[in-house]
Amino acid sequence: MVPAAALLAGALALLSLARVATAFERPLAASVAQSSAITHVTDEVGRQVSVPAQVNRVVTLSPDLTETIYALGLEDKLAGDTNYCDTPPAAKLKPHIGTAQNPSLEAIVALRPDLILASTSINRRETVDELARLGLAVYATNPHTVRGVLASIENVATVMGAATQGHGLVVGLRARLEALHMRLNDLPLAHVFFVVWQDPLITIGQNTFIADALKWAGAESVIIADQNWPQISFEEVVRVQPDYIVFTSNHSGDTGKLLSELRSRPDWKGLHAVELGHIVNVSDEIARPSAGLVNAIEELAHDLHPEAFSGPGARYAPGLQKSTPEFAVTAVCGEEHAACAR
Amino acid sequence: MSATDRARQALAREDGATSNARRAKLVVEQVSFAYAATHRSAPAFTLGATSFEAQTREMVAILGPNASGKSTLLRLLAGLTKPLSGRVELEGAEVSSLDLRTRARKIALVQQESDLLFPLRVWEYVLQGRYPHGRSLRFESDEDCLAAGNALSQVGAESLRDRWMNELSGGEKQRVILARALAQQPALLLLDEPTQHLDIGGKVELLRRLRRLADSNRHTVVVVTHELDLAAEFSDRVVLLHRGRCLRVGAPAQVYERELLEEVFETPLEIAISAGGRPHVHLREVP
Amino acid sequence: MRPLTPRRVLGICLLLLAVLFAAVVLSLRMGAYPMAVRDIVTTLVNGALGRRERIPSEFWLVVFGLRLPRIALGILVGAALSTSGAGFQALLRNPLADPYVLGVSSGAALGAILSLIVAPLAPGLIQVAAFVGAAATITGVYFLGRRGGHLDSGTLLLAGIISASFLSAVIMFLMTTLSGRDLRGMAFWLMGDLSSTPAVDLRWLYLLLLVGAGSIYTTASDLNLILSGEQEARHLGVNVGRVKIVVYVAASLLTGLAVSLSGAIGYVGLLTPHVMRMLFGTDYRLLIPTSAIGGAIIIVLADLLARTVVAPTELPVGAMTAIAGAPVFIYLMRRSMR
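Residues numbered from 1 in each chain as written. Chains lettered and ligands numbered in written order. Predicted model: local features only at pLDDT ≥ 70, side-chain atom pairs only at ≥ 80, totals over all residues.

Concerning the overall build of chain B
Note the threshold: Only DSSP runs of H or I covering at least 4 residues are called helices, and only runs of E covering at least 2 are called strands; the numbering of each starts at the N terminus. With C-alpha atoms as the basis for the radius of gyration, the globule rule is written as 2.2 Å multiplied by the number of residues raised to the power 0.38. Neighbour counting defines burial: a residue surrounded by 20 or more other C-beta atoms within 10 Å of its own C-beta is buried, one with 12 or fewer is exposed, and intermediate counts give partly exposed, using backbone-placed C-beta atoms. By the criterion used throughout, residues are in contact when their C-beta atoms, derived from the backbone, lie within 7 Å.
Counting its secondary structure elements, chain B contains 10 helices and 12 strands. Relative to a compact globule of 287 residues, whose C-alpha radius of gyration would be 19 Å, chain B shows 20 Å and is just as compact. For chain B, the spread of C-alpha atoms along the principal axes amounts to about 70 × 45 × 40 Å. By the burial criterion, 40% of the 287 residues in chain B qualify as buried. The contacts in chain B between residues at least 6 apart in sequence include a share of 67% that link residues at least 24 apart.

Following this line, the structure appears as structure tokens:
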């Protein structure tokens, strides 16, 4: 009796398993079929994506993309984000789909997204492929430089059907960067050691967009390396003796405690930068390819080249906490771009 | 007829078949063996030309001091190595050219120790001796169980049947190992220094049992040993080896000559003949 | 004296298959997408009968696109690793042997990394490259592990351990020095990940599993004897040399198969045979099928836990097998000591 039932169950299971292999002869798009119009676009890694003309529900797979959605004012369409999306804080209240590295595919499907946004800065190729295999529309951004970050924001805005907001936001950000560039153009680049991690000592390579961000802030990394996150020995830092040492944290500007802690350590004490107090603590937005990156660049530029910002025309108040993207948009829109949509 | 009865009949038939052989069952003719020789020197013979014969129900003792070539001869008898010259024949077939399974059906080599990796029950261990009697992947038949049971009772280990192998004492383990060899139902039973770790009582009991087995099962038993007295007491034939050379083959009384034994074992000895005609060896006092 | 009979083997296997079935049902039931049992059943039945149109597309997506493929892959990987582990424990005469001890997983990982370097965007290439890496390692270790013309357990173990260390070092080197390459995928692959779709049709892979496990099964009686002593086994007529080669190749290929598909999931290959030994005995004629089914059960349940314990975060399967497996093993070990 029991063996017979088990055999029957086994046969049914095997039959279903066999069906599994043939389940996806053609991709099925659950929600795309409902929309009337579809646009075919190419994403930033070269994939062909079929995006509905009207995107009502979007799921983001990385914190920078979540931030971009909020910056574009599209947070009502945000159906879900990752566990670690915390900028702005409201993003923490959205439904979560897991970690960026290993999101739950089922949770994503359960949210019925029209579009999924992924970023090569943190997501895996396998995740994107799996979602595409299930017939879902996935748009991947691939920012490598600061200008690339701005282009990504515009692309995301376009794909979301908010091209005007995107254009407005990006034009403003670009203007700020250009202004910064004009101020810093004649000044020599500050030689900076960027600390990603203290123990082991890890810094940035020249191909990261952080390196590019440094250039926009009038600085360059003293370490030239091909790897993205090279681990180096402390001796190398001593040999090069950077002008400034840059740390990142989510409490920018609070260098007092950091400086006294560094001065108490025998190895760091010997660096000229530590002696002179040339320690900078910049917002961790500098490592994120989103709109807040420009804030962080400006903050860093102020810390590294205070002489360029004294006198009339100074717009940025040092010591200000991480500003919201809305601040950036209205500040610029109010002054220079009356044609802004918002 | 029950399965057990059918199995008994099959066993009886097999026994009957082997008793029809009239010629000597084991023929060892001019075998020699040497490890690979270099091109410069002549091969170092571990065993020079050796010949002897044995009938069913006979027990042969291979005697000699250490490094006399006893183990080599045993390996040749077991068919594990091909002799450099000569041949070893069992029931008319050259043993080294038999395939593994056939050879295992005819020849059982009893090891000293058992090297079990995972715990095993005694009856499982003895049943393994039935392996040569079927296909490679097989499940034991009633015939197999009967043969294993027989083997256990022949060594007096029936009561140990359900015990774990690693719980047995040294003597018990040795009986079980012997039982596994008997379960193979071999024509030739080979033992390599089986009395090494036993006390005198154990030694006598083992050899007596081997004698009985040779008689009842019509095995031919070959025992490698250096126990002079026990070999003389229980064996029908003795092969005396010394430094790779076979010095003499024959009944114990013929082989046990004082000068010969003294030369081989390099000890002053004295031979006495007992009432049963068996020679006994004593130490001789040297003035 | 109750020798093992085919009927007993079949009976125990059916029992375990029933447990596996229950695990599959449970695993189908749970997930981030809320689905009633009734819906799951109708989806399965309609799917089996080929009536796809009757099922809402989202149900189809979740059952046949997400859950069932993952379960099917888990069964395959669990069975392959456990059978391989049982085989290696016999081949190397070492109860601590697991499928990775001979370096197969390191070779596969190296193949995967090289494919990420050479052609990072080719779909499915990583799996093929991993399998090629595994096969190359199998061949290399085989030649290193020979002694006097045939496989020697001790030499083989040494050769495997050295190869594994060497390959791991090469992988470390590549991961640290490669300029700008995105090797994020490797970290997950190294911990074990059941969410990737196999590049090859699952049915072919199941066939490979059956061939591999079946090959090892043909040597089951031989392995029983070899485990009582290699020399003695030879004297009993076992062709030890041939058996070793068959088990070595089959077990290594099973490991390579599992690792190419899902990375190196730990502990299953080591623990499952021991658990099955404690429950059902050490006879390999029973141990091989029970290990296979037992491994499938363990992976299905471990994956279920990995998916649901801190949902929506998905833990690596390998972490679950370690966390859940160790206490169970300790319990069974203490029970068997009494």
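Alright, that's what it looks like, and here's the rest.
Here we look at the overall build of chain A
Per the secondary structure count, chain A includes 13 helices and 10 strands. With 342 residues in all, chain A has 43% of them scored as buried. When contacts within chain A are restricted to residue pairs at least 6 apart in sequence, those whose partners lie at least 24 apart make up 59%.

Description of the nonpolar core
We apply this condition: Note on definitions: a nonpolar core is a set of buried residues drawn from Ala, Val, Leu, Ile, Met, Phe, Trp, Tyr and Cys, linked by C-beta atoms within 7 Å. Those domain boundaries reflect an automatic or database domain assignment.
Of all hydrophobic cores here, the largest spans 262 residues; its most connected members are I116 and I297 of chain A together with V126 and L190 of chain B. No other element matches helix α3 (residues 57-91) of chain C, which puts 21 residues into this core. Shared between two domains, this core holds at least three residues of each, these being domain 1 (27-142) and domain 2 (172-335) of chain A. Once you skip the residues sitting within four places of it in the chain, I297 of chain A turns out to touch L180, A213, W216, A217 and I286 of chain A.

Examining the pairing of strand β9 (residues 244-249) of chain A
All names here are of chain A. Inclusion rule: Strand pairing is assigned whenever DSSP detects at least two bridges linking the two strands.
By the bridge criterion, three bridges tie strand β7 (residues 190-194) to β9 in an arrangement that is parallel. Among the inter-strand pairings, F194 is bridged to a residue of β9, identified as V246. With five bridges connecting them, β9 and strand β10 (residues 279-283) associate as parallel partners. Within β10, the residue paired with T248 across the bridge is V282.

Some points on the sheet that holds strand β3 (residues 58-60) of chain A
Residues and elements named next belong to chain A. Cut-off, in case you're wondering: Each axis is a line fitted through C-alpha atoms, taken for helices only over the stretch in contact, and angles between the N-to-C directions span 0 to 180 degrees.
Pairing is parallel across the open sheet formed by four strands, whose spatial order is β4-β3-β5-β6. In the strand order of this sheet, the two ends are held by β4 (78-80) and β6 (138-141), each with one partner. Between one strand axis and the next, the sheet turns by 35° as a mean value, whatever way the strands run. Against the sheet, helix α2 (residues 63-71) makes contact with β3, β4, β5 (115-119) and β6, and its axis sits at roughly 135° relative to β3, the strand it touches most. Together, β5 and β6 form the strand contacts of helix α4 (residues 125-133), whose direction differs from that of β6 by roughly 160°.

As for the packing of helix α2 (residues 37-48) of chain C against α3 of chain C
Residue and element names in this part refer to chain C. Formally: Small angles under 35 degrees read as roughly parallel and large ones over 145 as roughly antiparallel, with 65 to 115 read as roughly perpendicular and the rest as oblique. Classification used: nonpolar for Ala, Val, Leu, Ile, Met, Phe, Trp, Tyr, Cys and Pro, charged for Asp, Glu, Lys and Arg, polar for all others including Gly.
Between α2 and α3, the least distance of the axes is 10 Å, while the angle of their chain directions is 80°. By the angle class used here, α2 and α3 are roughly perpendicular. Of the residues in α3, those touching α2 at D39, I40, T43, L44 and G47 are F59, W60, V63 and F64. Looking at side-chain class alone, the contact of α2 with α3 contains six nonpolar, two polar and one charged residues.

Considering the interface of chain C and chain B
Taken residue by residue, the interface counts 23 residues in chain C and 28 residues in chain B. Counting only elements with at least two residues in the side of chain C that touches chain B, the list comes to α9 (220-226) and α10 (230-235) of chain C. The leading source of residues in the side of chain C that touches chain B is α9 of chain C, at five residues. Here the residues of the side of chain C that touches chain B sort into eight nonpolar, 11 polar and four charged.

A short note on the confidence of the model for chain A
Residue and element names in this part refer to chain A. What counts, and what does not: The quantity called pLDDT is the predictor's confidence in a given residue, expressed from 0 to 100.
Summing up the model confidence of chain A, the mean pLDDT is 81 and the portion of residues at 70 or higher is 79%. For chain A, per-element mean pLDDT is lowest for helix α13 (residues 325-335), which scores 36, and highest for β3, which scores 96. Overall, residues 24-34 carries pLDDT values under 50, and its contacts beyond four positions in sequence, including any with other chains, amount to 18 contacts. Low pLDDT (under 50) marks residues 313-342, which in the prediction has 45 contacts with non-local residues, meaning those over four places away or in another chain.

What to know about unusual backbone geometry
Omega for the peptide link from T87 of chain A to P88 of chain A comes to -10°, which places this bond in the cis form. Secondary-structure assignment places P88 of chain A in the loop between β4 and α3 (105-110). With omega at 10°, the peptide bond leading from D199 of chain A into P200 of chain A counts as cis. Following the sequence through the fold, P200 of chain A ends up in the loop between β7 and α7 (209-216). Positive phi is not limited to glycine here, since Q185 of chain B has a value of about 50°. Within the secondary structure layout, Q185 of chain B lies in the loop between α6 (170-183) and β7 (188-192).

With respect to the sheet that holds β7 of chain B
Residues and elements named next belong to chain B. Spatially, the six strands line up as an open sheet ordered β6-β7-β8-β3-β9-β10, and their pairing is mixed. Looking at the sheet topology across the chains shown, the edges are occupied by β6 (107-110) and β10 (245-250). Ignoring strand direction, the axes of neighbouring strands in this sheet form an average angle of 15°. Here strand β3 (residues 59-63) runs beside strand β8 (residues 220-225); their pairing, made up of five bridges, is parallel. Residue V60 lies in a different strand from β8, and its bridge partner there is V222. Its contacts with the sheet put helix α7 (residues 200-217) on β3 and β8, and the angle it makes with β8 is roughly 155°.

Quick word on the packing of helix α5 (residues 146-159) of chain A against helix α6 (residues 163-184) of chain A
Packed helix pairs are characterised by how far apart their axes lie and by the angle those axes make with each other. All names here are of chain A. Where we set the bar: Crossings are sorted by hand: turned counterclockwise from the far helix by less than a right angle, the near helix makes the crossing left-handed, and turned clockwise it makes it right-handed.
For the pair α5 and α6, interaxial distance at closest approach is 7 Å and the crossing angle is 165°. Classified by the angle between their axes, α5 and α6 sit roughly antiparallel to one another. The handedness of the crossing between α5 and α6 is right-handed. In contact with L150, I153, E154, A157 and T158 of α5, α6 contributes A163, Q165, G166, H167, L169, V170, L173 and R174. The residue inventory of the contact of α5 with α6, partitioned by class, reads seven nonpolar, four polar and two charged.

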